[in-house]
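# Structural features, examined
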Amino acid sequence: MRLLAAVDLGEGLESVVESARFLQEGLGIPAELIHVVPTPYFEALGRRFPHLRPGLEETLRRVEKEVQKTLADTGLRARVLRGFPAQVVAGEALRSRLVLLGQRGTDGLEVLAWGGLARYLLHRGEVPVLLLPRALRGVRRIAVGLDDSPASLSAFRVAEAWGRALGAEVFGLHLVSGQGGCCFPTYLDPETLGLADVLAQAKAHLESLLKATGVVEVSKGEEELDLLRLAKVREADLLVLGSKAKSTWRHRLGRMVEVLSHRSSLPLLVVPEATVW
């Protein structure tokens, strides 16, 4: 199995390559770069205008050669494939332990292009996906967003495995909100408890599920971005969330993943519920 880094030649290439190098060494799993040349449009042109087909094919071969040369210069194993990028990457992901994706620029078209591939993979829920708004060059502290779901507990176990491999501290963060907030604790009765009691009981409940002590911090928060802010205050280098893909109806990934997969400024590892690392 491998770490699969899906790359284009945009501004996120260097960040993904640096992250792949770091994780290849730290996790002891070989990394491979993959670039997909989006050919469906050109294939359709060739069918519509047969006289253009030889020139289009020659252009595609030249593109593949130049891209392969650029990726070879990174020193990592690399392949250039053709097809519809989301489908090709999803197929390759099935033979991978992890998929790395770079979060590119912030203009509308780039966000749409990146978001489409990321959401496609996240909703399939077949492999952990690491979203990289910046390079992951070192990991000292790993924060895990916790609730009482099986997906959350799976994410924590994966984070523990990464922590052992990378020599990083792992800790859980859990938000408690009021009614209508992002993180209303349905496993408690906040209406009859004071805030201090709610926070203490939530901490005890989660630590019992994790079968560990001293690893969970519970804090008041009303929106998903409060978890990101708390992780940054606690100097986390990586944020980990469990994915509820295929297990819920209204929000298949969970609201926290839905929001932070687009807006996290920290590297974000999204772990499907069934993942065993």
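Higher on the page you've got the structure.
The notes below deal with the structure included here. (Residues numbered from 1 in each chain as written. Predicted model: local features only at pLDDT ≥ 70, side-chain atom pairs only at ≥ 80, totals over all residues. Heavy atoms only, no water.)

For the rest of this paragraph, the subject is the packing of aromatic side chains. Tallied over the full model, the rule gives two aromatic pairs. Here Y41 and F42 contribute two aromatic rings whose centre-to-centre distance is 5.7 Å and whose plane-to-plane angle is 75 degrees, an arrangement assigned as edge-to-face. The exposure class assigned to F42 is partly exposed, which follows from its relative accessible area of 33%. (Phe/Tyr/Trp six-rings, centres within 6.5 Å; stacked < 30°, edge-to-face > 60°. Buried < 20%, exposed > 50% of the residue type's maximum accessible area, 1.4 Å probe, protein only.)

Let's shift gears to the environment of S264. Tracing the sequence through the fold places S264 in the loop between α9 (255–263) and β10 (268–272). Sequence separation between S264 and L132 is 132 residues, and the spatial gap between their C-alpha atoms is 9.1 Å. Filtering out sequence-adjacent residues up to four positions away, S264 remains in contact with Q103, P133 and L228. Polar contacts involving the side chain of S264 include one to the main-chain carbonyl oxygen of L266, which spans 2.8 Å. (Helix = DSSP H or I, 4+ residues; strand = E, 2+ residues; numbered from the N terminus. Contact = heavy atoms within 4.5 Å. Polar contact = N/O pair within 3.5 Å; in protein donor to acceptor, adjacent residues only side chain to side chain.)

For the rest of this paragraph, the subject is the sheet that holds strand β6 (residues 141–145). Backbone hydrogen bonds hold the strands of a sheet together, and the pairing may be parallel or antiparallel. Here ten strands make up an open sheet; going across it, the order is β3-β2-β1-β4-β5-β10-β9-β6-β7-β8 and the pairing mixed. Edge positions in the sheet fall to β3 (77–83) and β8 (216–220), since each of these pairs with one other strand and no more. Averaged over all pairs of adjacent strands, the angle between their axes in this sheet comes to 25 degrees, without regard to strand direction. The pairing of strand β4 (residues 98–102) with strand β5 (residues 129–132) spans four bridges and is parallel. Bridge pairing in β5 links V99 to V129. Sitting on the sheet, helix α6 (residues 150–166) is in contact with β4, β6, β7 (169–176), β9 (238–243) and β10, with an inclination near 145 degrees to β9. (Pairing = 2+ DSSP bridges. Axes fitted to C-alpha atoms, helices over the stretch in contact; angles between N-to-C directions.)

Turning to its location among the elements, D147 is positioned in the loop between β6 and α6. The exposure class of D147 is partly exposed, given its relative accessible area of 25%. For the pair D147 and P185, spaced 38 residues apart in sequence, the C-alpha to C-alpha distance is 8.6 Å. With residues up to four places along the chain from it excluded, the contact list for D147 reads S152, H174, L206 and K244.

Right, let's get into the pairing of β7. Within β7, seven of the eight residues are buried, leaving the element largely enclosed by the surrounding structure. Here five bridges tie β6 to β7, and the two strands are oriented parallel to one another. Directly across from A143, in β7, lies its bridge partner F171. Two strands pair when backbone bridges link them, and β7 and β8 are joined in this way by five bridges, in the parallel orientation. Along β8, the bridge assignment pairs H174 with V218.

Let us look at the pairing of β10. On a regular strand, one side chain projects to one face of the sheet and the next to the other, so that they alternate. Burial analysis of β10 places five of its five residues in the buried class, which makes it a mostly covered element. Of the two faces of β10, the one carrying L268, V270 and P272 and the one carrying L269 and V271 are both buried. Where β5 and β10 come together, three bridges link them in antiparallel fashion. What sits directly across from L130, in β10, is L269. Sheet topology note: the β9/β10 ladder contains five bridges and is parallel. From the neighbouring strand, L239 faces β10, where its bridge partner is L268.

Turning our attention to the pattern of salt bridges. Counted under the stated rule, the structure contains 23 salt bridges. For R119, the salt bridge identified is with E258, shortest N-O distance 2.9 Å. Of this pair, R119 sits in helix α5 (residues 108–124) while E258 sits in helix α9; the two residues are 139 residues apart in sequence, bridging distant segments of the chain. For E258, a relative accessible area of 14% puts it in the buried group. K244 is the partner of D147 in a salt bridge, and the nearest nitrogen-oxygen pair spans 3.6 Å. Of this pair, D147 sits in the loop between β6 and α6 while K244 sits in the loop between β9 and α9; the two residues are 97 residues apart in sequence, bridging distant segments of the chain. Linked through salt bridges whose partners overlap, the residues forming this network are R2, E32, R77, R79, E92 and R95. (Salt bridge = Lys/Arg side-chain N within 4 Å of Asp/Glu carboxyl O.)

Function cannot be inferred from these measures alone, as they are strictly geometric.
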